Amino acid sequence: MLKLWYTGFVVAAVTFIILAYIEWQIPGFVSQVFPLTYVLAVAVVCGLMSLLGSPIVRSVGKLHEVLAIGVGLVGAIALFHAGESFGAYRLVLALVMLVLPLSLLKAVQDVK
């Protein structure tokens, strides 16, 4: 059942991203026919159910986690200082960069 929830999450998330991009490029193209919030709700529910159903296994050591947090911190500081072209989104992108290495480490750990 866990694989079914995970597959539903991946399919719904990719569908949402594609439909949101089309909606962004051509306003009203998707939203006049089908609301995107339904696809987002399905993606969130499937994602939460796949997280709740999976057993917690720790195969990554604390050193790897600290290293990932350090890389994220250095990347966030560099992006914040050098990202004047991003304007108001500079802070948001720095926060994403801060969380991204640890999230990728956790995702790779879950695939094993």
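Quick summary incoming for the structure in this document. (Residues numbered from 1 in each chain as written. Predicted model: local features only at pLDDT ≥ 70, side-chain atom pairs only at ≥ 80, totals over all residues. Heavy atoms only, no water.)

**Some remarks on the packing of aromatic side chains**
Part 1 of the argument: Tallied over the full model, the rule gives two aromatic pairs.
Part 2 of the argument: Judged by centre distance (6.1 Å) and plane angle (75 degrees), the ring pair of F34 and Y38 falls under edge-to-face.
Part 3 of the argument: Judged by its relative accessible area of 37%, F34 falls in the partly exposed class.
Part 4 of the argument: When the ring centre of F80 is taken as origin, the NZ or CZ atom of R90, which lies over that ring, is 4.5 Å away. (Phe/Tyr/Trp six-rings, centres within 6.5 Å; stacked < 30°, edge-to-face > 60°. Buried < 20%, exposed > 50% of the residue type's maximum accessible area, 1.4 Å probe, protein only. Lys NZ or Arg CZ within 6 Å of the ring centre and 35° of its normal.)

**Some words on the environment of L98**
Part 1 of the argument: Relative to the helices and strands, L98 resides in helix α4 (residues 90-111).
Part 2 of the argument: With a relative accessible area of 32%, L98 lands in the partly exposed category.
Part 3 of the argument: The spacing of L98 and I77 is 21 residues in sequence and 8.6 Å in space, taken between C-alpha atoms.
Part 4 of the argument: With residues near it in sequence (within four places) discarded, L98 still touches G72, L73 and A76. (Helix = DSSP H or I, 4+ residues; strand = E, 2+ residues; numbered from the N terminus. Contact = heavy atoms within 4.5 Å.)

**Some details on the packing of helix α1 (residues 2-25) against helix α2 (residues 36-53)**
Part 1 of the argument: Relative orientation of the contacting elements α1 and α2 amounts to 150 degrees, with a least axis distance of 8 Å. One way to sum up the angle between α1 and α2 is to call them roughly antiparallel. The element α1 and its partner α2 pack so that their crossing is left-handed. Of the residues in α2, those in contact with L2, W5, Y6, G8, F9, A12, A13, T15, F16, L19, A20 and E23 of α1 are L36, V39, L40, V42, A43, V45, C46, G47, M49, S50 and G53.
Part 2 of the argument: Classifying every residue of the contact of α1 with α2 by side-chain character gives 17 nonpolar, five polar and one charged. (Axes fitted to C-alpha atoms, helices over the stretch in contact; angles between N-to-C directions. Parallel < 35°, antiparallel > 145°, perpendicular 65-115°, else oblique. Left-handed = near helix turned anticlockwise from the far one by under 90°. Nonpolar A, V, L, I, M, F, W, Y, C, P; charged D, E, K, R; others polar.)

**A closer look at the environment of G47**
Part 1 of the argument: Here G47 shows up in helix α2.
Part 2 of the argument: Exposure remark for G47: the relative accessible area of 10% places this residue in the buried category.
Part 3 of the argument: For the pair formed by G47 and M1, sequence separation is 46 residues and the distance between their alpha carbons is 13 Å.

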